[in-house]
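Secondary and tertiary structure notes
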Amino acid sequence: MRRSPALLINTADIELWPGGVLRARGNADARALAQARWVLRRKRDGRYLAAATAHGLLPLVPRLMREPGIEAALDVLDLALHGTQRAHAADALLPLSGLQQRLQQLGIDADRYERATGLTLEAEPARLALAGFDRYRRPLWLLRGAAQAWQRMHAHAAREGIVLEAISGYRSHDYQLGIFARKRARGLAITDILQVNAAPGYSEHHSGRALDISCPGEPPAEESFESTPAFAWLMRHAGAHGFRLSYPRDNPHGIVYEPWHWCWQAR
């Protein structure tokens with residue numbers, strides 16, 4: 001069966017993943033995913049909603065047609081199945097509608113946050129390219145230009161004896177909202193969470209241009225990464241590949257030092 005291209009198609013509530021990429025979470029999922037050309041995945045919690053096979057749409061949840069955003073996702077699926085996914089420009093962005101209301105529900109004043117940090121809202125791309133796999137063998141999604149730049153930089157480092165490992169790339173607004181909701185449920189104050197996590201909608205990871213980088217034997221997202229040969233190599237060569245360190249020490253955004261977080265800038 002012809003597989004879908006290594007492309008993630010994004011909608012406000014649901015992602016369309018190409019067949020052969022997602023891991024099965026049970027026997028029923030395994031049979032469906034084995035046949036899938038595309039898989040519809042709920043952004044809020046990662047639940048698999050349906051598999052588009054050569055024989056039609058196979059629902060993986062009850063009452064599929066009641067899912068928020070399903071009509072928009074099925075419209076996009078129809079375009080993808082008929083080979084017209086290019087109807088979405090490679091650099092198209094999803095609208096930001098509804099995000100500020102969800103921030104208010106968390107107790108975050110968006111205007112005040114922007115004034116305090118200098119950060120701006122990051123819209124999600126409508127399309128992302130598969131840039132390979134991260135340390136945990138999860139698909140790494142980035143904007144097409146960022147994906148190509150990461151692959152070139154990864155190969156350059158390998159030629160010089162440096163192994164770079166991706167820890168994470170694109171994250172949806174829903175993913176970041178979930179981080180905040182879980183920490184709030186544990187009793188953490190919003191002010192404390194904002195010391196270590198950008199507010200939902202303001203993380204560079206939403207843009208598909210940012211990724212967290214580490215190296216073998218090094219724990220993820222730890223300041224100790226700055227002492228590794230991999231970090232020294234990045235400081236010398238990442239700029240030539242279009243990547244910059246987003247949050248150095250004493251950065252103007254008030255975000256803790258993150259030697260692992262790098263962002264690609266189109267040139």
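Residue numbers here run from 1 along each chain, matching the order of that chain's written sequence. Reporting in this predicted model follows two pLDDT cut-offs: at least 70 for local features of residues, and 80 or more for side-chain atom pairs to be given and counted; totals over whole chains, interfaces and linings ignore these cut-offs and use all residues. Water and hydrogen atoms were dropped before computing side-chain values, which therefore reflect all heavy atoms in the structure.

1. Observations concerning the sheet that holds strand β8 (residues 165-168)
- Strands are labelled as partners when DSSP assigns at least two bridges between them. Secondary structure counts use DSSP, requiring at least four H or I residues in a row for a helix and at least two E residues in a row for a strand, with both numbered from the N terminus. Taken in spatial order, the four strands make up an open sheet running β8-β9-β11-β10, and their pairing is antiparallel. What marks the edges here is a single partner per strand, and that holds for β8 and β10 (243-245). Neighbouring strand axes in the sheet, compared pairwise and without regard to direction, differ in orientation by 45° on average.
- This element, helix α5 (residues 144-159), spans β8, β9 (210-214), β10 and β11 (261-264) of the sheet and lies at about 85° to β10.
- Together, β9, β10 and β11 form the strand contacts of helix α8 (residues 229-237), whose direction differs from that of β11 by roughly 30°. Helix axes are fitted only over the stretch in contact, all axes being lines through C-alpha atoms; the angle between N-to-C directions runs from 0 to 180 degrees. Between two residues, a contact is recorded if the distance between any of their heavy atoms is within 4.5 Å.

2. Points about the pattern of salt bridges
- We define a salt bridge as a side-chain nitrogen of Lys or Arg found within 4 Å of a carboxyl oxygen belonging to Asp or Glu. Within the structure shown, the criterion is met by twelve salt bridges.
- Salt-bridge contacts for E165 lead to R135; the nearest nitrogen and oxygen are separated by 2.7 Å. In this pair, E165 is assigned in strand β8 and R135 in the loop between β6 (127-133) and β7 (139-142), connecting sequence segments 30 residues apart.
- Among the charged side chains, a salt-bridge network with shared partners connects R42, D45 and E67.

3. Quick word on the nonpolar core
- Throughout this description, the term nonpolar core refers to a set of buried Ala, Val, Leu, Ile, Met, Phe, Trp, Tyr and Cys residues connected via side-chain atoms within 4.5 Å. Only protein chains enter the accessibility calculation, which uses a 1.4 Å probe; a residue is then buried when its area is under 20% of its type maximum, exposed when over 50%, and partly exposed in between. The biggest cluster of nonpolar side chains holds 29 residues, and the ones touching the most others in it are W150, M153, L164, I213, L234 and F243.
- Of all the secondary-structure elements, those providing two or more residues to this core are β6, β7, α5, β9, α8, β10 and β11.
- Among the elements that take part in this core, α5 stands out by supplying six residues, more than any other.
- In contact with L164, other than residues within four places in its own chain, are W150, M153, H154, A157, I213, S214, A230, W233 and L234.

4. A short note on the environment of N10
- You can see N10 is positioned in strand β1 (residues 7-10).
- In this structure N10 comes out as buried when scored by relative accessible area, which is 3%.
- C-alpha of N10 to C-alpha of S172: the two residues are 162 residues apart in sequence and 9.5 Å apart in space.
- When near neighbours in sequence (up to four residues on either side) are disregarded, N10 contacts E15, K43, L94, E124, P125, A126, L128 and Y170.

So, to be careful, I would describe these as geometric facts and stop short of saying anything about function.
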